Amino acid sequence: MFIEKTLFLLHRMLSPHSATSPPTSSSSPSTVTSDSRYVAMETYWREVQSIEEEQEGEEEEEVEEETKSMDEVELEEAWLTEAGLSSLVVGSSQTETPPVVEAVLSTLTRQQAATVRRRLDNYNETLRKRNRQPIRDVRDVFTEPETDSADHSPFPTQQQPEPPPRRYHTTTKTIRRSTNRGRSTLPMFVFEDQLQEDPSSPAPTPSPSSAVSRLRCADWLLRDTPYSEGVAEHKWGGTCRDCVRFHGDESSELQFAPASPSQGLTCTDDLSSRDLTRLGFIAHIELSTFLLALGVQSKRSRLPHRRTRDSGVFGVSLNSLLDNDRKRFPGVKVPVFFQKLLGVLEQSGLQTEGILRVPGSAARLKFLRRELDRCWSAFDWTDVRPVDAGGLLKLFIRELPTPLLTHTHLSTFCSVLGVSSEVHQVQALQLLLLLLPEAHRNTLRALLLFLRKVVSHQDHNRMSLWNVSMVMAPNLFTRQNHGNKRSITKQQEEMEEAMGGARLIGLMIRHQDLLWTLPKFLLAQVRQMNQASSQRQFNLSRTASRLLRRKNDRKQVSELSEGVIRVHAPLHTKVSMAIQLDKQTTARDVTTRFQTESSPAHHLYEVGGNIYERRLQPDCCLLDVYRVNPRCDWLIKP
């Protein structure tokens, strides 16, 4: 009964006519839009009702801390820790800045450094107010005299042009980064519409030419400068470069399809875990700087305490599932049960009408859950209906002890909606997804790929992008209000949250290929961080070096001519080969020389130098990589 009342209220809110006015036979565009929004919201509330029915009879663990915000000290400590700067605030009595902190600070742009300075200032000031001694003064970290007023401004201003040599902050105690770096010519990215438009979103009336994909340059992914540089114009309502280029003509939804730059695309799974950790430090600082420059604030709450299970598959953490899976399948990145569930749905559910939307029987789901928790590896999936498999998928996501988007970053995901430009929203999501734990990021990637397949079959399953987004919103974004006793204000707030969550999910589904691609400036800053760190920490160990190089060719390696590399392939018949690079040499050209008909597909990696390990895409131009990282080793392996 509550759902029907809520839907009636929603219909009145969205309808362009009064509650007493009869609808006319000829519907206007606004009426069509309102009706489609009503249907989508009805989908959302039906999903909420289904979730509450499934939870009936189960113990509810309400945690008061979930709604409490963190105090200033906790907030700043958490922020600095996630930026790789924990030794600046906790348990450190050293008088010199630790090497990792030095490496992080030495790579920051002036605006990024200003963000760190503000955070550390606020942390120390809060400690003084509480009569606690700060561990380190901000002046001990940033030794440059603070004469630039722009550094004190909470937002960047237009009167802050910085020449390239001064773009990076180089004022730590001992690290001085050289600014004399060669830059290769940047090619362009293009994008095109790949999915049908969301019929429920207000859009201009389609014209005959709108069905034709138009290619446009999307070079923002290839810039050397971070996103936070030059977005002040957007905040103050001026002419933001990206907003004008991508939204100036009031075009329909954007869908990016990046082409490879000269250095090859770098995705999250191309880098080693050590490089990804350091990448997260820079992405965290850049995201805060970027949102601050756009005038967007994000709140943060204490992590709730939720009991986890050690056995079964539902209510078990992703890391625990992966630890068990890796005993049988070494190197697996997504829980095997989750992969199996997606596989079942892809085989039998993509063309099922209302898949994910139509709920299965609550009693049937409870029975299936018990059986799967008991022994899922021996479970027979042949009799599982697609609607039940869809219900199990959503149940698995909801029951995760740590949400797929994590408690830490849920509020930041919601803050992205405060950015008016879709291009800037995608850029913020790109940075935000880099902050997710590896298991969560890989599982989310598998989920988004499946959801895109569902949308691609919408002619059969009647599940548009907006419908899929509305169904998944209450499963990915935790709802804090339960039960039927909700005020009108609470209902309206939940409706707004539902719409916002659905928009975010829709953005991630449509732009998922781009979201896992690293911006060029981030990879460059990771290289700088590695360069600033001790060579002993980032160079290959002696054991690894002996694996890559034989004693009898070490002298030969050191005497290689300019532009000549030695590629090592310890798993092939040819274990080593010297190759002369030119402008056309790609990673595919090199791997082809080692590959035989019986050998499996291997990849070329750059190892050492200013990167720990990076897998190169087949079309990557090796001469450009050689110029950026001349001291790296070249290794062919799976």
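Residues numbered from 1 in each chain as written. Predicted model: local features only at pLDDT ≥ 70, side-chain atom pairs only at ≥ 80, totals over all residues. Heavy atoms only, no water.

Identification of the chain as Rho-GAP domain-containing protein from Poecilia mexicana is taken from an unreviewed UniProt entry.

Q: Let's hear about the overall build of the chain: which residues, and what values?
A: The number of helices and strands found in the chain is 27 helices and eight strands. If you take every contact in the chain between residues at least 6 apart in sequence, the share linking residues at least 24 apart comes to 79%. Of the accessible surface of the chain, which amounts to about 31,000 Å², a share of 49% is contributed by carbon and sulfur atoms. (Helix = DSSP H or I, 4+ residues; strand = E, 2+ residues; numbered from the N terminus. Contact = heavy atoms within 4.5 Å. Areas by Shrake-Rupley, 256 points an atom, 1.4 Å probe, with all protein chains shown as cover.)

Q: I'd like a rundown of the sheet that holds strand β5 (residues 576–580), residues and numbers included.
A: Strand pairing in a sheet takes place through backbone hydrogen bonds and is either antiparallel or parallel in direction. Overall, mixed pairing links the five strands, which are arranged β5-β4-β8-β6-β7 in an open sheet. In the strand order of this sheet, the two ends are held by β5 and β7 (611–615), each with one partner. Averaged over neighbouring strand pairs, the angle between their axes works out to 25° when direction is ignored. With four bridges connecting them, strand β6 (residues 603–608) and β7 associate as antiparallel partners. Its bridge partner lying in β7, Glu606 is registered against Arg614. Packed on one face of the sheet, helix α26 (residues 587–594) meets β4 (564–568), β5, β6 and β8 (633–637) and runs near 145° to β5. (Pairing = 2+ DSSP bridges. Axes fitted to C-alpha atoms, helices over the stretch in contact; angles between N-to-C directions.)

Q: Quick rundown of the nonpolar core? Include the residues and the values.
A: By size, the foremost hydrophobic cluster in this structure holds 120 residues, and its most contacted members are Leu393 and Phe413. Among the domains, domain 1 (42–51 + 71–88 + 100–126 + 216–246 + 256–300 + 402–479 + 492–540) and domain 2 (304–400) are the pair contributing at least three residues each to this core. Contacts of Leu393, omitting those with residues within four sequence positions, involve Phe338, Leu341, Leu342, Leu345, Leu356, Leu447 and Phe450. Ile565, Val590, Val625 and Tyr626 belong to the second largest nonpolar core, which has 20 residues in total. (Core = buried A, V, L, I, M, F, W, Y, C linked by side-chain atoms within 4.5 Å. Buried < 20%, exposed > 50% of the residue type's maximum accessible area, 1.4 Å probe, protein only. Domains from an automatic or database assignment.)

Q: Explain the environment of Val296 to me, using residue names and the numbers behind them.
A: Mapping Val296 onto the fold places it in the loop between α10 (273–293) and α11 (318–325). Along the primary structure Val296 and Val416 are separated by 120 residues, whereas in three dimensions their C-alpha atoms are 7.8 Å apart. Setting aside residues up to four positions removed in sequence, Val296 forms contacts with Leu291, Ser415, Gly418 and Val419.

Q: Please set out the pattern of salt bridges residue by residue, giving values where relevant.
A: Taken as a whole and judged by the stated rule, the model has 19 salt bridges. Arg445 is the partner of Asp269 in a salt bridge, and the nearest nitrogen-oxygen pair spans 3.5 Å. Taken together, the residues span a long stretch of sequence, with Asp269 in the loop between β3 (256–257) and α10 and Arg445 in helix α17 (residues 438–456) at a distance of 176 residues. Among the salt bridges present, the one from Asp513 reaches Arg452, with a minimum N-O distance of 3.0 Å. You can see Asp513 sitting in helix α21 (residues 512–515) and its partner Arg452 sitting in helix α17, a full 61 residues away along the chain. Of the residues examined, Arg452 reaches a relative accessible area of 17% and is grouped as buried. The structure contains a network of salt bridges with shared partners spanning Asp269, Asp270, Arg445 and Arg615. (Salt bridge = Lys/Arg side-chain N within 4 Å of Asp/Glu carboxyl O.)

Q: Please give an account of unusual backbone geometry that cites residues and values.
A: Not every positive phi belongs to a glycine, and Leu356 is a case in point at roughly 75°. Tracing the sequence through the fold places Leu356 in the loop between α12 (336–348) and α13 (362–375). On the basis of relative accessible area, Leu356 is assigned to the buried category, the value being 2%. The backbone of Arg462 shows a phi angle near 60°, a positive value even though the residue is not glycine. Mapped onto the secondary structure, Arg462 falls in the loop between α18 (458–461) and α19 (465–476).

Q: Would you mind going over the confidence of the model for the chain in detail, with residue names and values included?
A: The predicted model of the chain averages 75 in pLDDT, with 64% of residues at 70 or higher. Averaged over each element, pLDDT in the chain is lowest for strand β1 (residues 190–191) (35) and highest for α17 (97). Confidence over residues 5–34 falls short of pLDDT 50; this stretch has 30 contacts with residues more than four positions distant or in other chains. Between residues 550–557, whose pLDDT stays under 50, and residues either more than four places distant or in other chains, the model counts nine contacts. (pLDDT = per-residue confidence, 0-100.)

Q: Talk me through the environment of Glu125; I want residue IDs and the actual numbers.
A: With respect to the helices, strands and loops of the structure, Glu125 is situated in helix α5 (residues 110–129). The class of Glu125 is partly exposed, set by a relative accessible area of 37%. Distance from Glu125 to Val73, taken between C-alpha atoms, is 9.6 Å for residues 52 residues apart in sequence.

Q: Tell me about helix α15 (residues 407–415), residues and numbers included.
A: Taken together, the buried positions of α15 are Thr408, His409, Leu410, Thr412, Phe413 and Ser415. Here the buried face of α15 lies against α3 (72–82), α10, α16 (422–433), α19 and α20 (488–510).

Q: Could you give me a rundown of the pairing of β8, with the residues and numbers involved?
A: Where burial is concerned, most of β8 is hidden: four out of the five residues are buried. The pairing of β6 with β8 spans five bridges and is antiparallel. Bridged to Glu606 within β8 is Trp634.

Q: So, the side chain of Arg278: which residues are in play, and what are the values?
A: Topologically, Arg278 is positioned in helix α10. Buried within the structure, Arg278 lacks any salt-bridge partner; its nearest side chain of opposite charge belongs to Asp275, at an N-O separation of 6.5 Å. Separated by 3.0 Å, the side chains of Arg278 and Ser533 make a polar contact. (Lys, Arg positive; Asp, Glu negative; His and termini not counted. Polar contact = N/O pair within 3.5 Å; in protein donor to acceptor, adjacent residues only side chain to side chain.)

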